[in-house]
Amino acid sequence: MDELFGIRRAGSFACTIEPPLAPSEYSAIQLTFSQDQQIIITKNLGDTGLAVSGTKLAITLTPAETLQFRPTGGSPMGRKTGGPAVMQLRCWKSASDAPASPCWGLPVFDCNSEEAIGT
């Protein structure tokens, strides 16, 4: 993973994930972001910020959502107050086919300013 890839507070965050099967094969899809063992954001398929894009899922967090995370080590302003954010995808097709992705750790970078602009 590119070391510059991560969540930037007060900015939008976007990525895509390809589940094991086409998203249309699942009756439920959930993406969860946590930090320091607390759930910060949960998005279910159909919620704003979690959409199908071909065979992938398009994830988008707003600047206001990214401000819910605390900066981790390596932030340019040096405001380390939390551990890495963790993102995990879970899908449901049946009781015997409900894959969960690995838990992906993401650094959280701070901004010079602590406000989300344009909101």
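Here, the structure is the one placed above.
Just so it is clear, the structure is predicted and the values come from calculations on it, not from any experiment. (Residues numbered from 1 in each chain as written. Predicted model: local features only at pLDDT ≥ 70, side-chain atom pairs only at ≥ 80, totals over all residues. Heavy atoms only, no water.)

Q: Could you clarify how one ought to interpret the side chain of K43 in this entry?
A: Within the secondary structure, K43 sits in strand β4 (residues 38-44). For K43, a relative accessible area of 4% puts it in the buried group. Looking at K43, its side chain comes within polar contact range of the main-chain oxygen of T48, at 2.8 Å. Looking at K43, its side chain comes within polar contact range of the side chain of E65, at 2.9 Å. Apart from the residues within four sequence positions on either side, K43 is in contact with I29, Q30, L31, T48, G49, L50, T60, L61 and E65. (Helix = DSSP H or I, 4+ residues; strand = E, 2+ residues; numbered from the N terminus. Buried < 20%, exposed > 50% of the residue type's maximum accessible area, 1.4 Å probe, protein only. Polar contact = N/O pair within 3.5 Å; in protein donor to acceptor, adjacent residues only side chain to side chain. Contact = heavy atoms within 4.5 Å.)

Q: Please explain the packing of aromatic side chains as it appears in this structure.
A: Given two aromatic rings, one states the distance between the centres and the angle between the planes to describe the pair. Within the structure shown, the criterion is met by three aromatic pairs. Taken together, the aromatic side chains of F5, F13, F33 and F69 make up a single cluster linked through ring pairs. (Phe/Tyr/Trp six-rings, centres within 6.5 Å; stacked < 30°, edge-to-face > 60°.)

Q: Even after reading the chapter, I still don't get the sheet that holds strand β2 (residues 13-17), so can you show me in this structure?
A: In a beta sheet, neighbouring strands pair by backbone hydrogen bonds and run either parallel or antiparallel. In spatial order, the strands read β2-β6-β5; together these three strands make up an open sheet with antiparallel pairing. Among the strands making up the open sheet, the edge pair consists of β2 and β5 (50-53). Averaged over all adjacent pairs, the angle separating strand axes in this sheet is 25°, with direction ignored. When β5 meets strand β6 (residues 56-61), the two strands line up antiparallel, connected through four bridges. For S53, the partnering residue across the bridge sits in β6 and is K56. (Pairing = 2+ DSSP bridges. Axes fitted to C-alpha atoms, helices over the stretch in contact; angles between N-to-C directions.)

Q: Whenever I open this one, the nonpolar core confuses me. Can you help?
A: Membership of the largest hydrophobic core comes to 21 residues, with the highest contact counts inside it found for I7, L31, F33, I59 and F69. When residues of this core are assigned to their parent elements, the largest contribution, four residues, is made by strand β7 (residues 85-92). Not counting the four nearest positions on each side in its chain, F33 is found in contact with I7, F13, Q38, I39, I40, I41, I59, L61, F69, V86, M87 and L106. (Core = buried A, V, L, I, M, F, W, Y, C linked by side-chain atoms within 4.5 Å.)

Q: Even after reading the chapter, I still don't get the pattern of salt bridges, so can you show me in this structure?
A: Between side chains of opposite charge, a pair can form as their charged atoms come close. Going through the model one piece at a time under the given rule, you end up with three salt bridges. Across the pair E65 and K43 runs a salt bridge whose closest N-O atoms are separated by 2.9 Å. Separated by 22 residues along the polypeptide, E65 in helix α1 (residues 63-66) and K43 in strand β4 bring together distant segments of the chain. Of the two residues examined, E65 and K43, each falls in the buried class. (Salt bridge = Lys/Arg side-chain N within 4 Å of Asp/Glu carboxyl O.)

Q: What is the right way to look at unusual backbone geometry in this model?
A: With glycine set apart, most residues show a phi of negative sign, and most peptide bonds adopt trans. Here the phi dihedral of A10 falls at roughly 70°; this positive angle occurs in a residue that is not glycine. Within the secondary structure, A10 is located in the loop between β1 (7-8) and β2. One non-glycine residue with positive phi stands out, namely Q37, at about 65°. Locating Q37 in the fold gives a position in the loop between β3 (28-35) and β4.

Q: Teacher, can you tell me more about the sheet that holds strand β8 (residues 104-106) here?
A: With antiparallel pairing, four strands are arranged side by side in an open sheet as β4-β3-β7-β8. Each of the sheet's edge strands pairs with one partner strand only, and the pair in question is β4 and β8. Strand-to-strand twist of the sheet, defined as the mean angle between neighbouring strand axes without regard to direction, takes the value 25°. Bridge count for β3 against β7 is eight bridges, and the pairing is antiparallel. Within β7, the position partnered with L31 by the bridge is L89.

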